[in-house]
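Structural features, examined
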Protein chains: 2
Amino acid sequence: MHKTKINNELIDTDSYKDVAKLLSPLRAKSRTQEVLEALVGMIAEAGLEIGDQLPGETVLSEQLGVGRSTIREALNRWEGLGLVKRRRGSGTYLTANIRPARGLVSTETTLESEGLLRIVDVRRTLEVEVVRRAAINATEAQKQRILSGFEKLKTVVASGMMWRNVDQAFHTEIYEASGNAIFGRIILDLDDAYHAAKFRDSPFDNPEFGVRSVLAHGDLCNAIVAGDAEAAVRAISIILDHVVDEIREMSETDK
Amino acid sequence: MHKTKINNELIDTDSYKDVAKLLSPLRAKSRTQEVLEALVGMIAEAGLEIGDQLPGETVLSEQLGVGRSTIREALNRWEGLGLVKRRRGSGTYLTANIRPARGLVSTETTLESEGLLRIVDVRRTLEVEVVRRAAINATEAQKQRILSGFEKLKTVVASGMMWRNVDQAFHTEIYEASGNAIFGRIILDLDDAYHAAKFRDSPFDNPEFGVRSVLAHGDLCNAIVAGDAEAAVRAISIILDHVVDEIREMSETDK
DNA sequence: TGTTACCAGATGTCTGACAACTTGTAAAGT
DNA sequence: ACTTTACAAGTTGTCAGACATCTGGTAACA
């Protein structure tokens, strides 16, 4: 069996499934996540409202081309969040208004940099709180994961490769260490909205930006491990300042 | 409507479900719920803490005598509430302190209120920032809208009507006055999630809560109009404290 | 010594099957 | 004409087994 090193990951080059992955490396999302997004789209398009019944599990699984277990995992997640109510022998019913996420950064608010800056603005509020808590609450195991995440980020950035996924993994460790996973979930949503708006025309990472902010990432990492909340807040502020700079530069050089 | 005397009690015989409920009220729990309670017991007994790894799915399913799918449904539910983190290829890890229900409170209610408190926690971070900015940035026209929104809220609460929509409209005015609408967008999403989870079975407002917090709403309103950011922050904190109290009361009185 | 290759264990997904429940409807009975 | 019963179709709940995919550690190799 042949293995090849790509993006710092061992990849099986014998099965062409993995080759396909090379062509579209953005599909890192889990099947369940994709199903959830597809469901949101379906609900919006079909105009379903509170109380309406969703199609059966078998119908959904056939239509989306995934197993019934996967559909069930997605729907059960939603029931846990109170978005749907499942009745055995009857069906699954909407119990809340489900809005497609595109509202965050939709069509008209993407007026160049303005929308991006607003997103970063909200993100800063959340990130500051998260790193403060992470510095206080992180367990030893979590600190270890944060450290190794940073090491991975450093090597990827140094090699000039796409670092967004690695960066996101690094920050996810911090969100988890904060003690309230909902912060992380919202920030990741904001991040998705940000990149969807930013990379509309050129969907590639900026290598230079990675080099610039990797230093601050190191400070952030050390501050959390050392339990220094205020230093962590300073570090994340610097990182977000770099993001703001990036947006400004982009809006200046771009047309 | 037919009534029949059974065991010296008048019972509605139109639906024999009620009779069956009298005979076996213990079998109402689903397998998944039993699994969740068993897991809570195991975690408490084993003394697992945040960051610790749970036994594998196969081990749990064998030990509890249920299928692996059932275990997965339970654990996925927990992940949705942010109580555990599942890592593919690695394992399932605790991300919150899970305590067994005591006294009359059901395990389900305990876990649910835990999730609600996390939502309010995130919301507090955002709301504090929003009202601070609103107090600083609000224009005269926006202050006027906030004032009239509060007047409407006062009359609706006093009349004992459903006040949720009016309350949401009042807060929306504040979100807009903050100068960054994305804050409001996210808070409204959180509000939806909160109500969907909280009012899963009884979709009604609590009139008493409205009366209690309308005073703080007045303080918030005046502080923003006066441009006093710190007073506004204090007022919104009191409002959110009331929400937390409400959750606590619910999980104590619930059977 | 450091890289590589491999292995065990864990979660993710799919398939097929059956159980349990709900609901509507047609048949049977009065 | 009305009520009761029985049944069928549709839906979610649970189980078993299999394979895919990922993670972390270990042993072999250069």
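This one's a predicted model, so the numbers in the text were calculated from it and none came from an experiment. (Residues numbered from 1 in each chain as written. Chains lettered and ligands numbered in written order. Predicted model: local features only at pLDDT ≥ 70, side-chain atom pairs only at ≥ 80, totals over all residues. Heavy atoms only, no water.)

1. Considerations on the interface of chain B and chain A
With 36 residues of chain B at the contact, the number on the chain A side is 34 residues. Taking both sides of the interface into account, the surface hidden between chain B and chain A amounts to around 3,200 Å²; carbon and sulfur atoms contribute 50%. Contact with chain A buries area across many residues of chain B, yet Arg77, Ile182 and Arg185 of chain B alone supply 17% of it, more than any other trio. Linking chain B to chain A there are eight salt bridges. Between Arg72 of chain B and Glu73 of chain A there is a salt bridge, and its shortest N-O distance comes to 2.8 Å. Across the contact surface, chain B and chain A share 16 residue pairs in polar contact (both at pLDDT 80 or more). Secondary-structure elements contributing two or more residues to the side of chain B that touches chain A are helix 4 (68–80), strand 3 (84–87), helix 5 (107–137) and helix 8 (181–198) of chain B. Tallying contributions element by element places helix 8 of chain B first for the side of chain B that touches chain A, with twelve residues. The residue inventory of the side of chain B that touches chain A, partitioned by class, reads 14 nonpolar, eight polar and 14 charged. (Contact = heavy atoms within 4.5 Å. Buried area = accessible area lost by both parts, 1.4 Å probe. Salt bridge = Lys/Arg side-chain N within 4 Å of Asp/Glu carboxyl O. Polar contact = N/O pair within 3.5 Å; in protein donor to acceptor, adjacent residues only side chain to side chain. Helix = DSSP H or I, 4+ residues; strand = E, 2+ residues; numbered from the N terminus. Nonpolar A, V, L, I, M, F, W, Y, C, P; charged D, E, K, R; others polar.)

2. What to know about the packing of helix 3 (residues 57–64) of chain A against helix 4 (residues 68–80) of chain A
All names here are of chain A. Where helix 3 meets helix 4, the closest approach of the two axes is 8 Å, and the angle between their N-to-C directions is 115 degrees. One finds that helix 3 runs roughly perpendicular with respect to helix 4. As helix 3 packs across helix 4, the resulting crossing turns out to be right-handed. For the pair formed by helix 3 and helix 4, the contact residues are Glu57, Thr58, Leu60, Ser61 and Leu64 on the first element and Arg68, Ile71, Arg72 and Leu75 on the second. (Axes fitted to C-alpha atoms, helices over the stretch in contact; angles between N-to-C directions. Parallel < 35°, antiparallel > 145°, perpendicular 65-115°, else oblique. Left-handed = near helix turned anticlockwise from the far one by under 90°.)

3. Quick notes on the protein's contact with DNA strand C
In the vicinity of DNA strand C there are 21 residues, among which Arg31, Thr70 and Arg88 of chain A together with Glu57 and Gly89 of chain B approach most closely. Here Arg68 of chain A contributes a side-chain N or O atom positioned 3.2 Å from a base nitrogen of DNA strand C. In this structure, a phosphate oxygen belonging to DNA strand C sits 2.8 Å away from a main-chain N or O atom of Glu57 of chain B. Taken together, the elements giving at least two residues each to the surface near DNA strand C come down to helix 2 (31–46) and helix 4 of chain A together with helix 4, strand 3 and strand 4 (91–94) of chain B. (Near = heavy atom within 4 Å.)

4. Details of the protein's contact with DNA strand D
Close contacts around DNA strand D come from 24 residues, with Gly89 of chain A together with Arg31, Thr70, Arg88 and Gly89 of chain B the closest. For DNA strand D, the fraction of atoms within 4 Å of the protein that belong to sugar or phosphate moieties is 65%. In this structure, a phosphate oxygen belonging to DNA strand D sits 3.0 Å away from a side-chain N or O atom of Thr92 of chain A. In this structure, a base nitrogen belonging to DNA strand D sits 3.3 Å away from a side-chain N or O atom of Arg68 of chain B. Of all the secondary structure elements, the ones that give two or more residues to the surface near DNA strand D are helix 1 (16–23), helix 4, strand 3 (84–87) and strand 4 (91–94) of chain A together with helix 2 (31–46) and helix 4 of chain B. The greatest single-element share of the surface near DNA strand D, amounting to three residues, is contributed by helix 4 of chain B. Looking at side-chain class alone, the surface near DNA strand D contains one nonpolar, eleven polar and twelve charged residues.

5. As for the packing of aromatic side chains
The description of an aromatic ring pair uses the distance of the two centres, along with the angle that the planes make with each other. In total, this model carries two aromatic pairs over all chains according to the counting rule given. A centroid spacing of 6.1 Å and a plane angle of 50 degrees characterise the contact between Phe150 of chain A and Phe170 of chain A, whose relative ring orientation is tilted. Placement of Phe150 of chain A in helix 6 (residues 140–158) and of Phe170 of chain A in helix 7 (residues 164–177) is noted, with a sequence separation of 20 residues between them. The lysine or arginine in question, Arg87 of chain B, covers the ring of Tyr93 of chain B, its NZ or CZ lying 5.0 Å from the ring centre. (Phe/Tyr/Trp six-rings, centres within 6.5 Å; stacked < 30°, edge-to-face > 60°. Lys NZ or Arg CZ within 6 Å of the ring centre and 35° of its normal.)

6. Quick word on the environment of Val233 of chain B
All names here are of chain B. One can find Val233 in helix 10 (residues 229–253). Val233 gets classed as buried once you look at its relative accessible area, which sits at 11%. In sequence terms Val233 and Ala223 are ten residues apart; their C-alpha atoms lie 8.8 Å from each other. Residues within four places of Val233 in sequence aside, it is in contact with Val128, Val131 and Arg132. (Buried < 20%, exposed > 50% of the residue type's maximum accessible area, 1.4 Å probe, protein only.)

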